Amino acid sequence: MNTEQIQWTADGGWNPSADAVIAGQAQLALVFGGSEALRNPDRLAEAAAMYPEAELLGCSTSGEIRGTHVSDESIVVTAIAFENTAIRTAHLVLSEPTDSRAAGRDLAEQLSGEHLVHVLVFSDGLAVNGSELTRGFVDRLPANVQVTGGLAGDGTDFRETLIVRGSRARPREVVAVGLYGERLRVGYGSMGGWDPFGPERLITRSNGNVLYEFDGRSALELYKQYLGEYANDLPASALLFPLSIRSTVNEPSVVRTVLSIDDAESSMTFAGDLPEGSYARLMKANFERLIDGANDAACAAYETLGSRTPDLAMLISCVGRKMVLRQRVEEEVESVLMVLGEAVILSGFYSYGEIAPFAPGESSELHNQTMTITTFAEF
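### Quick notes on the sheet that holds strand E2 (residues 13–15)
1) Next: In space, the seven strands of this open sheet follow the order E2-E1-E7-E3-E4-E11-E12, with mixed pairing throughout. The sheet terminates laterally at E2 and strand E12 (168–170), the two strands that pair on one side only. In this sheet, adjacent strand axes meet at a mean angle of 20° when their direction is disregarded.
2) Next: As defined by bridge partners, strand E3 (residues 28–33) adjoins strand E4 (residues 55–60) across six bridges and the pair is classed as parallel. For Val31, the partnering residue across the bridge sits in E4 and is Gly58.
3) Next: Strands strand E1 (2–9), E2, E3, E4, strand E7 (75–81), strand E11 (163–165) and E12 of the sheet are contacted by helix H2 (residues 41–50), whose axis makes an angle of about 30° with E2.

Structure representation (C-alpha cells):
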C-alpha cells in the first residue's frame, strides 16, 4: 500500500503543489475539509484532477487531521494506492432520520461480495440517526466484516454537513467504500475518557434519538439547569457535557452528544438513540483522561491489527474533545503516533459521531466523544 497526502489552505493553496507521485495508481482518495472550503467546486475539481483514477470520498469536518497536525477550514486529501486490494463504492440520499437503518442495509447490500474485508462509511452528521445507520450495516454485513467511519461535522455551527463524492460536496448523503482482498488486514479501537457526574436518571420519554424526559421531567430544562451559563450557547455547549447511556446494569455505557434542541417541543436531538427505560448520566471532561483515551484506542487498533505497524491509520475524534482540549488538541493525535510508530500515515477528522466496534469481537455501533481509530496494512 502506497499513500500520500496533500493539503489545501486559503493562504498557501495546495501543498505540496508538485505533481502527485501516485497520481495514476491511487484507487481511493479520502477527502476531509471545512464546509466553506468544500463548497467551492474548484477545490474538489483540482483534487480530482490530481488523482484521475481515484474514487474521491469524504466529508466536511470540525477539524482536519494530517499527521500530528490539526487544522480548520483546510482540505486534506489522502490518496491510497492498494497493491492487493480492490474497492467498490456505494452511496444514497437520506430522506428522513427514520430511514437510517434502511439506508445502512441498502449500502451493505450494494457492497456485498466475495472477499469483502471491511467497510468505511461517511454520513451526513445532522440528517441521520447514526445508531440506526450502523445497525443497518450490521444487519446485512457478514459477521466477520466490520464497518467503521463517522458522521460529518460543521465546526461547532450545526447548520449543514456535506458528503464528498467525486468532485461534488452535498448534504443529506451517505457514502461507503468496501475493501476486498485476502491480503488486507484492518484493526480498530475506540475509547473516550470522560468522567460522569451527578445522579443517574431514567429516560422516561424518548423517540429514537429525540429525548423528552428524565424521571418524568423535561430533559431539556434539567440539562439547562446543570449547564448554568453554558445553556445560553446550546447546542454547541452541550458538547462539553455529553450523556452516558446504558440499558442494563451490566451493559457497557455509550456516550451520546446533542445535535440540536427544540425549545417549543422541549426536546433534544442526539446523534444516536436514547431508548426509553435506559439510564443516563451527565459527563464532563478530564484533560489527561481524554489523551489517555486516545492512547488506549491506538493500543487497541494496534493489537487488533496483529501488533504490527500499519500503513495507514484513519482517526475520527469527536468535536467535543477538540473543544475541551483546545490548544492541546494535537496531543491526542501525537499520543496515537507514539503507539503506532513514526512510519504510519495519519489521516482523519473531528466529527459529530464515530462508528466502530466497542471492543474486538463485538458489533460496530455509534459512539460520541471518542477517539476512534481504524488501521490498515497489506502484506
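### Observations concerning the sheet that holds strand E9 (residues 116–123)
1) Next: Pairing is mixed across the open sheet formed by six strands, whose spatial order is E8-E13-E9-E10-E26-E27. The sheet terminates laterally at strand E8 (86–93) and strand E27 (364–367), the two strands that pair on one side only. Neighbour to neighbour, the strand axes of the sheet diverge by 15° on average, direction disregarded.
2) Next: Direction of pairing for strand E26 (residues 353–357) relative to E27: antiparallel, over a ladder of four bridges. By the bridge assignment, Ile355 is partnered in E27 with Leu366.
3) Next: Sheet contacts for helix H4 (residues 130–140): E9, strand E10 (146–151), strand E13 (173–180), E26 and E27; angle to E27, the most-contacted strand, approximately 170°.

### Some details on the nonpolar core
1) Next: Among the nonpolar cores identified, the biggest contains 48 residues, and Tyr223, Leu243, Leu315, Val336, Leu346 and Ile373 are the most heavily contacted of them.
2) Next: When residues in this core are grouped by element, the largest group, six residues, is from helix H6 (residues 287–304).
3) Next: Not counting residues up to four positions away in its chain, the partners in contact with Val336 are Ala294, Ala298, Leu315, Leu346, Met371 and Ile373.
4) Next: Judged by nonpolar contacts, the second largest core, of 30 residues, contains Leu94, Ala108, Val174 and Ala176.

### Comments concerning the layout of surface pockets
1) Next: Considering only enclosed or pocket space, the largest pocket measures out at about 400 Å³ in volume.
2) Next: Lining the largest pocket are 21 residues, and of these Arg135, Glu251, Val254, Arg256 and Glu365 lie nearest its centre.
3) Next: Contributions of two or more residues to the lining of the largest pocket are made by H4, strand E19 (243–246), strand E20 (254–256) and E27.
4) Next: Per-element tally for the lining of the largest pocket: the top contributor is H4, with four residues.
5) Next: Class assignment for the residues of the lining of the largest pocket results in seven nonpolar, seven polar and seven charged.

### Digging into the environment of Val336
1) Next: On the secondary structure map, Val336 appears in helix H8 (residues 329–340).
2) Next: Residues Val336 and Ala297, spaced 39 residues apart in sequence, show a C-alpha to C-alpha distance of 7.9 Å.

Rules behind the numbers
- Residues numbered from 1 in each chain as written.
- Predicted model: local features only at pLDDT ≥ 70, side-chain atom pairs only at ≥ 80, totals over all residues.
- Heavy atoms only, no water.
- Pairing = 2+ DSSP bridges.
- Helix = DSSP H or I, 4+ residues; strand = E, 2+ residues; numbered from the N terminus.
- Axes fitted to C-alpha atoms, helices over the stretch in contact; angles between N-to-C directions.
- Contact = heavy atoms within 4.5 Å.
- Core = buried A, V, L, I, M, F, W, Y, C linked by side-chain atoms within 4.5 Å.
- Buried < 20%, exposed > 50% of the residue type's maximum accessible area, 1.4 Å probe, protein only.
- 1 Å grid on protein atoms, 1.4 Å probe; cavity = no way out; pocket = protein on both sides within 12 Å on 5 of 7 lines; lining within 4 Å.
- Points joined across faces, edges and corners; volume = space filled by probe spheres on them.
- Nonpolar A, V, L, I, M, F, W, Y, C, P; charged D, E, K, R; others polar.

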